[in-house]
Amino acid sequence: MKFIPQYNIMDCGPACLAMIANEYGKKYTLKYLREKSFLTRDGVSLLGISEAAQSIGFETVTTRINLDQLLDLPTPCILHWDQNHFIVLEKIKGSKKGNKSFFKRGLLFKIVDPSYGILYLKETEFLKHWISSDNKGVALFLNPTDAFYEYSPPAENKINIKYLAGILFQHKKQFLWMLLSLLLGNLVNITFPFLTQNLIDKGITDKNLSIVQLILFAQISLFLGAMTVEIIRNWLVLKVGTKISITIISDFLRKLLQLKIKFFDTKMMGDFTQRIQDNERIENFLTSQSLITIFSIISFCVFFVILGYYNYTILFIYLLLTVLAVCWSAYFLKKRSILDFYKFKLKSENQNAIYEIINGVTEMKLNQFQDFKNKEWQKIQDKLLQINARVLRLTQFQIGGFEIINQIKNIIVTYISAVCVIKGEMSLGELMAISFILGQMISPLNSITTFFYSLQDAKLSLERLSEVQYHEDEENENLIPLPKTSLLNNQGININDVSFQYEGPKSPFVLKDISFKIPEGKITAIVGASGSGKTTLMKLLLRFYEPTRGELFYNSENISKISPKSLRENCGVVMQDGFIFSDTIERNIATGDEEVNREKLQNAVKIANIEEFIEELPLGYNTKIGASGNGISGGQKQRILIARAVYKNPHYIFFDEATSALDAENEKIIHDNLQQFFKGKTVLIIAHRLSTVKNADQIIVLKNGRIVELGNHQTLVDNKADYYNLVKNQLELGS
């Protein structure tokens, strides 16, 4: 079975499915299977993998079975591993139907783990990872149908050499200077064997001191010249390398910010930061390894020809053993690539763990969670140590064998040369020249070998970057701007039979058959218990997600045809988990404007009732606050978010628990201020507090993803149903 590693922490399920599909002759990309598996930030479910398998033509059966039952069933299959992972059971050695009792003691399970590689486990170790508390484990069996063989996997898009060439072309002038410097350096090196030969044969042998002095002076001059060229080249490499690094990361971030919000739901922080760090390997390949290798190949060929000029036998032996050394190194490339994926995954986990520790330090100290989290981090370090040990072991075998073959090659060539000198077939100067050539050929040969490692590293890094580059953008040329509003009939926001699921078609509905209208220029409130689907509905209205079924309309225009950018430009939004940037208060409020409008800014902070707080600060609006709101209270954070929404002065307002962290006094002041601001705007408010919603023109009550009540405050209170039960404690109405 071909091993396919998981690119991201959550990719184990799609990677397992890709390996089994490949075993039956179909090559599906992880990107394609990931989308079919309905990944979330929590990972992938067995149901998601099963639906993805069915979508490509597999017949699937998911079951809980014991070991004896597993022995009778076909492989390969997918197993739920350690209660939080998926692996492929490729085959079981030593198991035969009718002879289970005889073979059971010698069972050997071949496991393909997308996060580790191929493993052979004995029965005890296998059961430890697979079996749960009821002595059974979960397995997914897949059988290809006729449809599987009829489907054609979508073409795989990858960043190719054209993309890299385009980056280099932007710096062609500096690149040409780098080429010239390498050319000069190589020309200098080529002259040294002839100078050495003449030093021995014409200088020392003929006892001609003037020639010795001349040759030594030439060597010193050439060395100083080569050293100067090397210094210039290093500066050029630094300059070009930095610019290439900026270009790669800039392209990555630009593309990243064009993707749909849904893309980010399946990624952890470490996945992104590790990809950004990957650019160093691409930069190194483009600026250093590619150039050096070009001239290393030229130098190697020139020295090779010179070696043949001196002796054909030496040339043949050198060529034979060099090919053997290169083949030895190439043999380990595949194993290095697999280890690289493991290392990438563990480094991502490591960065996630550190990010969580730093950002959650307050809660950890309050709840005595630091020891547990520290031990988790140490476990990741232990895994990294194991991977590094595997990499070191592989490198030692690789480099050790390469060096041994090279040393044997040099010894044999030196011996043959010495024999030729003794027999009078070669001069002592030629022997020294050959020895010099052998020394000079080591560096180009090492550079060529290193080039293949660097090429592999850059290729793997590009594959990870290309995952982002070929995702569909939110925006495209067919989308239209948000239609202008008016008070004509049928204007406003219409939700028609909308249903939504976060995962596949068999997953629970978060919203089910929702239909209502948000009237133009009116205030609509949505209330309901936690988990009733309120925030999800708001995200659908902002085009963060597409509805599973049904349609949403802005002023009679289907939301699917409206540009997300245009839509959000016209919306002032305060989310439950609104983000405060590591910047000044002023910039946190006036986020989208290059030049801050002072009048709009002052009006926004006044409505958000945060003016007094800002004026008390030594730097006022220029006070810098930390990322996620570090250094300010929850209430102050919410007021800044409200001021940000007000500053935009949009037509549509979406507030999701916008005042939940405020005290009663501040909430009342802001609520009163907002009533004037809301006039003529279409407003949607999600809240639990009655004071926020009781003045709304209409109130929608959600329960388990469905609308159970709709009306104004007084009507719903009179109904004494779900709305009444939600607010009766606040109103002190009694039963």
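Scroll up to find the structure this text is about.
What this report covers is the structure whose coordinates are included nearby. Throughout this document, residue positions are counted from 1 along each chain, in the order its sequence is written. Whole-chain, interface and lining totals are the exception, using all residues; otherwise, since this is a predicted model, local features are given only for residues with pLDDT of at least 70 and side-chain atom pairs are given and counted only at 80 or more. Side-chain numbers here rest on the full set of heavy atoms in the structure, without hydrogens or water.

What follows covers the side chain of His651. Only DSSP runs of H or I covering at least 4 residues are called helices, and only runs of E covering at least 2 are called strands; the numbering of each starts at the N terminus. One can find His651 in the loop between α23 (634–648) and β15 (652–656). The rule is simple: take the accessible area with a 1.4 Å probe, protein chains only, and divide by the maximum for that residue type; under 20% is buried, over 50% is exposed, in between is partly exposed. Among the residues examined, His651 registers a relative accessible area of 18% and is labelled buried. Only heavy atoms enter the contact rule, under which two residues are in contact if any of them lie within 4.5 Å. In contact with His651, not counting residues within four places along its chain, are Thr485, Glu520, Asn570, Gly680, Lys681 and Thr682.

Here we come to unusual backbone geometry. At the junction of Thr75 and Pro76, the peptide bond is cis and its omega measures out at 5° in the coordinates. With respect to the helices and strands, the residue Pro76 is situated in the loop between α4 (67–71) and β2 (77–81). Its identity is not glycine, yet Arg543 carries a phi of approximately 65°, on the positive side. Secondary-structure assignment places Arg543 in the loop between α18 (534–541) and β10 (549–554). According to the relative accessible area criterion, Arg543 is buried, its value standing at 11%. At Glu657, a residue that is not glycine, the phi angle is positive and equals roughly 50°. Within the secondary structure layout, Glu657 lies in the loop between β15 and α24 (664–678). For Glu657, a relative accessible area of 12% puts it in the buried group.

Moving on, we get to empty space enclosed by the protein. Points on a 1 Å grid over protein atoms alone make up a cavity when a 1.4 Å probe fits among them but cannot get out, and a pocket when they form an open set with protein on both sides within 12 Å along at least five of seven lines; lining residues each have an atom within 4 Å of a point. Grid points are joined across faces, edges and corners, and a volume is the space filled by probe spheres set on the points. By the definition in use, this model includes 3 cavities of 30 Å³ or more. Roughly 100 Å³ of volume is contained in the largest cavity. If you go around the largest cavity, the residues you meet are Phe655, Glu657, Ala658, Thr659, Glu667, His671, Leu674, Phe678, Ile685, Ile686, Ala687 and Thr692. Those elements that place two or more of their residues in the lining of the largest cavity are α24 and β16 (682–686). With 4 residues, α24 is the single largest residue contributor to the lining of the largest cavity. Residues of the lining of the largest cavity, tallied by class, amount to 7 nonpolar, 3 polar and 2 charged. Just so you know the grouping, Ala, Val, Leu, Ile, Met, Phe, Trp, Tyr, Cys and Pro go in nonpolar, Asp, Glu, Lys and Arg go in charged, and all remaining residues, Gly too, go in polar.

Turning next to the sheet that holds strand β7 (residues 492–500). Two strands qualify as a pair provided that DSSP identifies no fewer than 2 bridges between them. Taken together, 4 strands build an open sheet; the order of strands is β8-β7-β10-β11 and the sheet is antiparallel. Every other strand in the sheet has two partners, leaving β8 (511–519) and β11 (557–558) as the edge strands with one partner each. Judged from the 6 bridges that link them, β7 and β8 form a sheet pairing that is antiparallel. Across the sheet, residue Phe500 finds its bridge partner in β8, namely Leu511.

On the surface, a cluster of nonpolar side chains totalling about 780 Å² of accessible area is made up of Ile220, Phe223, Leu224, Met227, Ile231, Trp235 and Leu238. Relative to the assigned elements, Phe223 resides in helix α10 (residues 209–256). Patch construction takes residues with relative accessible area above 30% that form no salt bridge. Like charges are linked within 9 Å, and nonpolar side chains (Val, Leu, Ile, Met, Phe, Trp, Tyr) are linked within 5 Å. Using the Shrake-Rupley algorithm and a 1.4 Å probe, accessible areas are obtained, with residue cover drawn only from the displayed protein chains. Salt bridge, as used here, is a side-chain nitrogen of Lys or Arg placed within 4 Å of a carboxyl oxygen of Asp or Glu.

Turning to the nonpolar core, a few remarks are in order. Within soluble globular proteins, side chains that are nonpolar tend to cluster in buried spots. Among the buried residues, those of types Ala, Val, Leu, Ile, Met, Phe, Trp, Tyr and Cys that are joined through side-chain atoms within 4.5 Å form a nonpolar core. Ile589, Ile642, Phe655, Leu674, Phe678 and Tyr723 are the most contacted members of the largest nonpolar core, which has 48 residues in total. By residue number, the principal contributor to this core is α23, which donates 7 residues. Those residues in contact with Ile589 that lie beyond four places of it in its chain are Leu601, Ala604, Val605, Ile640, Ala643, Arg644 and Tyr647. In terms of nonpolar packing, the next biggest core, distinct from the first, is built from 41 residues, Ala21, Leu33, Phe86 and Tyr342 among them.

A few words on α24. Between the first and last residue of a helix there are one fewer steps than residues, each counted as 1.5 Å, and that sum is the expected span. Compared with the 21 Å implied by 1.5 Å per residue over 15 residues, the 20 Å span of α24 between its first and last C-alpha is a close match. Those residues of α24 not exposed but buried are Asn666, Glu667, Ile670, His671, Leu674, Phe677 and Phe678. The buried side chains of α24 occupy one side of the element, clustering within an arc of 130° when seen end-on. Away from its buried face, by an angle of more than 90 degrees, α24 presents the exposed residues Glu665, Lys668 and Gln676. Elements in contact with the buried residues of α24: β9 (523–528), α21 (598–607), α23, β15, β16 and α25 (690–693). Positive phi appears at Gly680, one or two residues downstream of α24, with a value of about 80°. It is the directions from the helix axis to the C-beta atoms whose arc is reported.

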